[in-house]
Structures are given as structure tokens and as C-alpha cells.
Amino acid sequence: MSITVKNLSFTYSRKTPYEKAALKDVDLVVNDGDFVGIIGHTGSGKSTFLQHINGLIRVEEGEIEVFDIRMTNKRRPKVDLKRLRSEVGMVFQYPEYQLFEESVEKDIAFGAKNLGMAKEKISDAVKEAMEMVGLDYETYRKRSPFDLSGGEKRRVAIAGVIVMKPKILILDEPTAGLDPEGKNSILTLITRLKENFCPTIIVVSHDIDEITRYATRIVVFDGGKIAYDVPMSELFEKEDELRKMGLEIPLAVRVRNRLRERGIDLGKDVVNVETLIGAAIKRYALKDSKTNENSGGPNGVICGEVQERVCIESDNSVYIDAGFEGGDGI
Amino acid sequence: MRDMSFGQYYPTASPIHKLDARVKILLSVLYIVFIFFVPSYVGYFVTLLFITAVFMIGKIPMRAMLKSVKGILFLLIFMAALNVLFYKEGKVLVDWWIIRITDKGIDFAIKMALRLLFLVMGASVLTLTTSPMELTDGIESLLSPLKLIKIPVHDFALAMSITLRFIPTLMEETDKIIMAQKARGSSFDTGGPIAKIKALIPVLIPLFTSAFRKSYELADALDARCYNATKNRTRMKVMKPTWRDVIAFFVMAAFITFICLDKWYFHGLDALLVEFVRSII
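Treat the numbers as computed from the prediction; the structure is a model and nothing was measured. (Residues numbered from 1 in each chain as written. Chains lettered and ligands numbered in written order. Predicted model: local features only at pLDDT ≥ 70, side-chain atom pairs only at ≥ 80, totals over all residues. Heavy atoms only, no water.)

**Q** Can you walk me through the overall build of chain A in this structure?
**A** Along its length, chain A carries twelve helices and twelve strands. Classification of the 330 residues of chain A by burial places 51% in the buried group. In chain A, of all internal contacts separated by at least 6 residues, the share reaching a separation of at least 24 is 60%. Approximately 15,500 Å² of chain A is accessible, and the part contributed by carbon and sulfur atoms is 47%. (Helix = DSSP H or I, 4+ residues; strand = E, 2+ residues; numbered from the N terminus. Buried < 20%, exposed > 50% of the residue type's maximum accessible area, 1.4 Å probe, protein only. Contact = heavy atoms within 4.5 Å. Areas by Shrake-Rupley, 256 points an atom, 1.4 Å probe, with all protein chains shown as cover.)

If you want it as C-alpha cells, here you go:
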């Protein structure tokens, strides 16, 4: 178990008119190798929760265990924060909050230097981190981090954290404010990091479609509590409850539900586009090959019985279209 | 967010909160001026009663008051010490090396410290009970006669309200930056003073770049809406003095009258008090 959180509670500005309970009695276990997606409305306590895991907020009530590092509200024994932060890397939403050095190389080296790595090791680690996030070492090392594009800045910010070689990586809204292409490449980067670098990843996101494409587990925060920590297929059955929390269910699940209303059941396991396609193929593969001449495209599936057509494009976007004019990817 | 100390607005409903901001500013200025005329310990005692009553009517908790005083504690002690050590007049009590402590020196040091203490308490009543917006509107309104001599009062007021508006935003941002750098292993409370100052660089640079970015964005946003400080802008909240303000004026007038009597009529009530106590004994 990577992270164990027990009865964690926290209140901001205690005993002032601004007092606000941010966390109430939160329990969570994150296992090695989990890819956890955390969703929740603004102010649901998710950021406060993550800051606790990295020791950025002192525990007020309850306890947290990260590997063998224990954090409680007692001041002794002292928590080894340096070690904690080298085990848990945390990437904040805005890269602008952490970039300050004159060159990309120096900025990325900051974390490694703080951990007291040897000089030769630092430059190796920086090189490795830059390659990991897809920034060419020679091209970027001398550039100023302030002159980079939004996506590049984010890569530098991620490199600046993984240079400390954490086993758990936490990312707060890693794709916020990026264009679709930038989003995709950051998400691909995160999956690559999980495979090769940090086995356990926690991602906070507002975009449920995005997060279900990658995460293996979804935790829903609401009002400072964990509202749901159940398998995704079960979670997305609770469309109304989630909507009350200001959250949507993934598009793929909505498509599944619309089809179900019309008598086409694609089964329980639909949580994202991939599983939707999978379920559709399973159901229609046989019929498809003999009845429909116009099915095409790499992921194309046609749902023969409905008036509306469900279009699943090869780039994983899904839409329902009543008057679709044939072509690729029906 | 971290707790902000000195003089933060304390939102609650109290007669003092409801006073017109302009009245509060004027009364605070009067109070601060007349604090310097208080001649006697009796006078300071009355001032203490007065300011405590104001705090109580304003429903400001002791904690907020003490917090505002804590900020100047060091200055108070430092000043008092200098006064005690280097005041030359009066009967000498201790004379050693370059230090000469006199009775008048001690008297002066205590009075000066009390003055400063009550001054800060009075000023913090203003900031604790008046929201920054009200405060700027009040100042703008009070300075509006200067418009006659072509001083851009509204522009100043706008700059001031923007400054006040962005203090909490930048505080929050500082918190986030500190967290982001802490997450990268930097520590702010270890090492000597030079190491501590160096540790601030990774916080200050992102903070300033962000402040610049925000100011450009805000300037663009103002421009895009054709904002300029035209003469006849109306306000959402129009300030109107009420009966409360009249009462406040009279209460302050009574306090000032007392100080004036104490100083120029009785020439310090302490001597009278001492005589009075003696006559009883």
C-alpha cells in the first residue's frame, strides 16, 4: 500500500469568521500501481487532501501513512519532509507558480539540488527527466522557461518534479488551459510516466471524459468527504447523484444510456470510449459484417436498429448524429 | 489560506461597521491627533476605557485586537528602552557609564508607549470594521475637493482599490507558490539568515511575474470596456450619513473635550487625583 489515510479532517482559518471545513473524516487507501483519478467540484476538498499527502499542510486530525512515513497531528517524531517529497512528487496546476530560474536546465535541477544530490548525478537526472517528458536536452536546456509555450512550460514543471524520482506522482489538473493537442500529449506523457517511471499516479481533473480514458479508479470528492470510491461501472450508474454534485458522467456512458433507453443494451462495463467501442463490437460484430455495406473506418461500428446513428470516430470522439451523411467512422 | 494579521477586515454586523466610512476616517484622524495631547495617566486610563468600549461596540474579539497590537510590540519595547536610557532631564535614579535613567525619562517612555499603543488600536478599529472598498470610496469622497485643482482623485482611488483588492489574491498566490516550491524540496525555515533570504528567490520571481501578468491583463480588461475615470460615474453603494454618524461625532467630541480639559484646564489630572486621594487619607 502506497498511501493510507485514516479519519483525516481539516478546517481552514479555525476560530475566525472565515472558518471553513475543508475535509471531514476522509479515509482512503491507494495501492501500488494505482492510477487514481480524483474528481469533485471546486471547493470539494480535493486539493486540500492532496496537499496533505505531500506534507504541505500539517495534519490536524487523523493520520496519513505514505510508505513508512507516518504523519499525525503530533509534532514528534518529526516527519522527514525531504524524504516524503522525494517519494511523493506533486505537480501543481499552473507551471507559472514554480518556474523561476534563467534556464530550463537550472529550473529542473532545483528539486534535485534541494534533495542534496551529487553534482554529476544532478545533470544526469535532469537529462533523464527531460527525455522522459519529451523535451530534447540540447535544444531546451539553455532556453528561458518564461519563453516557452503553455504545453512546454507544463513539461518543464513535470520534469522539475520527476527529477526527484518520486514513486508516487500527483498532478493537479495537468491539462487545464491547454488546447486539445496539448492535452492529448500531456496525457500520453502521464501514461508513459506511469509505465516507466512512477508506478502510482493520482490525477485531479474536472474533465470526466479525459480522466476515464486513463485512470483505473475514480474517487469522487464532495463537500470535504469522499462521496464515492467504487468501481467505475457502478459509479456511473449514479448519474443523478453525480449531477447534484455538479459532475457529469462520461459521454460514452451517456451514449450507452441513450441506447439503453431505446432498447439496446451494451452492458454494464461501459466507462469510456474504448469500452463503449468494445461493447458495441461485441454486440454487432457478427451482424455488422453481413448486413451493413457502409460500415467503415478503423473503429467504425454501426448500430443498426436506431434511427440516430452513434458515430465513433477513430480519434475517440463520440457523437450522436441524426442526419449523418455516411463516410468514415459510422 | 493563511491568517492575515494586522488590521484585516473583520466582517460582522455592529453599529461601528454600519457607520459611514468617511465619518470613520475623519473620527480616526481626530482620535489619532488628540491622542498626542493626552497629558496624564488618568487621561490614558480614560482613553483605554474609550477604545475598549469602541472595540466592544464593534463586536471585535479580543484576539483580533491583540493581533493588531502584537505587530508593533517590538517597536514599542525598543522605543521605550531608548527613551528610558537616553532621556536626560529630571531626577537621576541610575547613573552608570553612558546610561542615565531619570524619573522623567521613565515617565516619558511610558507615556510614549501608551500613545503608540492606543494609536495602533484606534487605527485598527478603522481597518477592522471597514471593508477595503468602503475605505477607498470614503477616501475618494473626502479628497474630492482636490478635483477642483485638477488632481485625479478618482484615478488614485482606483489604483488604491486595485491594490487593496489584489493583496488577498497575491497572498493566496504566494501560498500556492510556496507550496509548489516546497513540493520540490525547498525549505524556508532551515539554515542561516542568508540561506533563508536565498530561499525566497524561488517564491519572489514567480510572484512578481504573475503580478505583472495580472496587471497587464487587468489593464487590457479595463481598456476593452472603455473604462476611464469620467466625472459622473455613479456607485452601487451611495454613502449617506445617518443618525448613527451624528451620535459617533458627539461621542468623539465628548472624548476630545475631556482630553482638552485635562490638558489645558486641569494641566494634567494626575496631580489632582493624588491630592484628592491624600485628602481622603
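**Q** Is there a simple way to explain the nonpolar core in this structure?
**A** For soluble globular proteins, the rule of thumb is that nonpolar side chains tend to be buried together. Ranked by size, the top nonpolar core spans 54 residues in total, and within it Ile-108, Ile-162, Leu-169, Leu-193, Val-220, Phe-236 and Leu-242 of chain A carry the most contacts. In terms of residues, this core owes the most to one element, helix H4 (residues 119-132) of chain A, which gives six residues. Apart from residues no more than four positions distant in its own chain, Leu-242 of chain A is found in contact with Val-220, Tyr-228, Leu-235, Phe-236, Leu-247 and Ile-249 of chain A. Core analysis: the second largest hydrophobic core is formed by 41 residues, Val-26, Phe-49 and Val-219 of chain A together with Ile-178 of chain B among them. (Core = buried A, V, L, I, M, F, W, Y, C linked by side-chain atoms within 4.5 Å.)

**Q** Just to check I follow, could you spell out the pairing of strand S1 (residues 92-96) of chain B for this structure?
**A** Walk down a regular strand and you will see the side chains alternate between the two sheet faces. Here S1 of chain B pairs with strand S2 (residues 99-102) of chain B via four bridges, running antiparallel. Each bridged residue has a counterpart across the sheet, and for Trp-96 of chain B the counterpart in S2 of chain B is Ile-99 of chain B. (Pairing = 2+ DSSP bridges.)

**Q** When you look at the interface of chain A and chain B in this model, what are you seeing that I'm missing?
**A** The partner chain B presents 24 residues to the 27 residues of chain A that form the contact. Of all residues in chain A, the largest losses of buried area upon contact with chain B belong to Tyr-18, Tyr-97 and Phe-100 of chain A, amounting jointly to 29% of the total for that side. Viewed at the interface, chain B and chain A are joined by one salt bridge. A salt bridge links Arg-184 of chain B to Asp-107 of chain A; the nearest nitrogen and oxygen atoms lie 3.1 Å apart. (Buried area = accessible area lost by both parts, 1.4 Å probe. Salt bridge = Lys/Arg side-chain N within 4 Å of Asp/Glu carboxyl O.)

**Q** I keep staring at the side chain of Ser-14 of chain B and nothing clicks. Help me out?
**A** Residue and element names in this part refer to chain B. Along the chain, Ser-14 turns up in the segment before helix H1 (15-18). With relative accessibility at 1%, the residue Ser-14 sits in the buried group. Not counting residues within four places of it along the chain, the set of residues in contact with Ser-14 comprises Ile-57, Gly-58 and Lys-59.

**Q** Looking at this structure, how should I read the packing of aromatic side chains?
**A** Both the distance between ring centres and the angle between the ring planes are used here to describe each pair of aromatic rings. With the rule as written, the count across this model stands at twelve aromatic pairs over all chains. Aromatic pair Phe-49 of chain A and Phe-221 of chain A: ring centres 5.2 Å apart, planes at 45°, arrangement tilted. Taken together, the residues span a long stretch of sequence, with Phe-49 of chain A in helix H1 (residues 46-53) and Phe-221 of chain A in strand S9 (residues 217-222) at a distance of 172 residues. Here Phe-221 of chain A falls in the buried class, since its relative accessible area comes to 0%. Here Phe-37 of chain B and Trp-264 of chain B contribute two aromatic rings whose centre-to-centre distance is 5.5 Å and whose plane-to-plane angle is 50°, an arrangement assigned as tilted. Of this pair, Phe-37 of chain B sits in the loop between helix H2 (21-35) and helix H3 (41-57) while Trp-264 of chain B sits in helix H10 (residues 243-265); the two residues are 227 residues apart in sequence, bridging distant segments of the chain. Take Phe-37 of chain B: its relative accessible area is 29%, and that puts it in the partly exposed class. Taking NZ or CZ as reference, Lys-111 of chain B lies 5.1 Å from the ring centre of Tyr-41 of chain B, over its face. (Phe/Tyr/Trp six-rings, centres within 6.5 Å; stacked < 30°, edge-to-face > 60°. Lys NZ or Arg CZ within 6 Å of the ring centre and 35° of its normal.)

**Q** Is there a simple way to explain the sheet that holds strand S5 (residues 69-71) of chain A in this structure?
**A** All names here are of chain A. Taken together, four strands build an open sheet; the order of strands is S2-S1-S4-S5 and the sheet is antiparallel. The strands lining the two open edges of the sheet, one partner per strand, are strand S2 (20-30) and S5. Ignoring strand direction, the axes of neighbouring strands in this sheet form an average angle of 20°. Contacting strand S1 (3-12), S2, strand S4 (61-66) and S5, H1 runs over the sheet at an angle of about 120° to S1. (Axes fitted to C-alpha atoms, helices over the stretch in contact; angles between N-to-C directions.)

**Q** Got a minute to help me understand the pattern of salt bridges in this structure?
**A** Between side chains of opposite charge, pairing is possible as soon as their charged atoms come close. All chains considered together, the criterion is met by 21 salt bridges over all chains. Two residues, Glu-96 of chain A and Lys-153 of chain A, come together in a salt bridge whose shortest N-O distance is 3.9 Å. Here Glu-96 of chain A is found in the loop between strand S6 (88-91) and helix H3 (104-114), whereas its partner Lys-153 of chain A is found in helix H6 (residues 150-162), with 57 residues between them in sequence. Judged by relative accessible area, Glu-96 of chain A falls into the partly exposed class, the value being 23%. One salt bridge connects Arg-22 of chain B with Asp-20 of chain B, and the closest N-O pair in it is separated by 2.9 Å.

**Q** When you look at a positive patch on the surface in this model, what are you seeing that I'm missing?
**A** A cluster of basic side chains, namely Lys-15 of chain A together with Arg-63, Lys-67 and Lys-70 of chain B, defines a positive patch on the protein surface. Tracing the backbone shows Lys-15 of chain A in the loop between S1 and S2. Accessibility expressed as a relative area gives 64% for Lys-15 of chain A, which makes it exposed. (Patch = residues over 30% accessible without salt bridge, like charges linked within 9 Å, V, L, I, M, F, W, Y side chains within 5 Å. Lys, Arg positive; Asp, Glu negative; His and termini not counted. Charge placed at Lys NZ, Arg CZ, Asp CG, Glu CD.)

**Q** I'm lost on the environment of Ile-226 of chain A in this one. Help?
**A** All names here are of chain A. Of note, Ile-226 is situated in strand S10 (residues 225-228). In this structure the C-alpha to C-alpha distance between Ile-226 and Leu-23, which are 203 residues apart in sequence, comes to 9.1 Å. Ile-226 has contacts with Val-26, Asp-27, Leu-28, Val-219, Val-220 and Phe-221, leaving out every residue within four places of it along the chain.

**Q** Help me out: how do you make sense of the sheet that holds S6 of chain A in this one?
**A** Each strand in a sheet pairs with its neighbour through backbone hydrogen bonds, running either in the same direction (parallel) or in the opposite one (antiparallel). Residue and element names in this part refer to chain A. Strands sit in the order S6-S7-S8-S3-S9-S10 across an open sheet of six strands; the sheet is mixed. On the outer flanks of this sheet lie S6 and S10, each paired with one strand and no other. Each strand axis lies, on average, 25° off the axis of its neighbour in the sheet, ignoring direction. Two strands pair when backbone bridges link them, and S9 and S10 are joined in this way by three bridges, in the antiparallel orientation. Residue pairing across strands places Asp-222 opposite Lys-225, the latter belonging to S10. In the packing of H6 onto the sheet, contacts are made with S6 and strand S7 (168-172), and the angle to S6 comes to roughly 165°.

**Q** Would you mind showing me how to read the pairing of strand S8 (residues 200-204) of chain A here?
**A** Residue and element names in this part refer to chain A. Of all the five residues making up S8, five are buried; the element is thus mostly covered by neighbouring parts of the structure. What you see with S8 is no split at all: Thr-200, Ile-202 and Val-204 on one side and Ile-201 and Val-203 on the other are buried throughout. Here strand S3 (residues 35-40) pairs with S8 via four bridges, running parallel. Note that in S8 the partner of Gly-37 across the bridge is Val-203. Here five bridges tie S7 to S8, and the two strands are oriented parallel to one another. If you follow Ile-170 over to S8, its bridge partner there is Ile-202.

**Q** I'm lost on the confidence of the model for chain A in this one. Help?
**A** Fine structural detail should not be taken from predicted coordinates in areas where pLDDT scores are low. Residues and elements named next belong to chain A. Mean pLDDT for chain A: 82, with 86% of residues reaching 70 or above. Taken as a whole, residues 290-308 scores under 50 in pLDDT and shows 43 contacts with residues more than four places along the chain or in a different chain. This stretch, residues 320-330, has a pLDDT under 50; its non-local contacts, to residues over four places away or in other chains, come to 26 contacts. (pLDDT = per-residue confidence, 0-100.)

**Q** Explanation requested: H1 of chain A in the structure shown.
**A** Residues that lie three or four places apart on an α-helix share one face, since the helix turns once every 3.6 residues. Residue and element names in this part refer to chain A. Counting buried residues along H1, seven of its eight residues qualify, which places the element largely inside the surrounding structure. For H1, the set of buried residues is Lys-46, Thr-48, Phe-49, Leu-50, Gln-51, His-52 and Ile-53. Positive backbone phi, at 70°, marks Gly-55, one or two positions downstream of H1.

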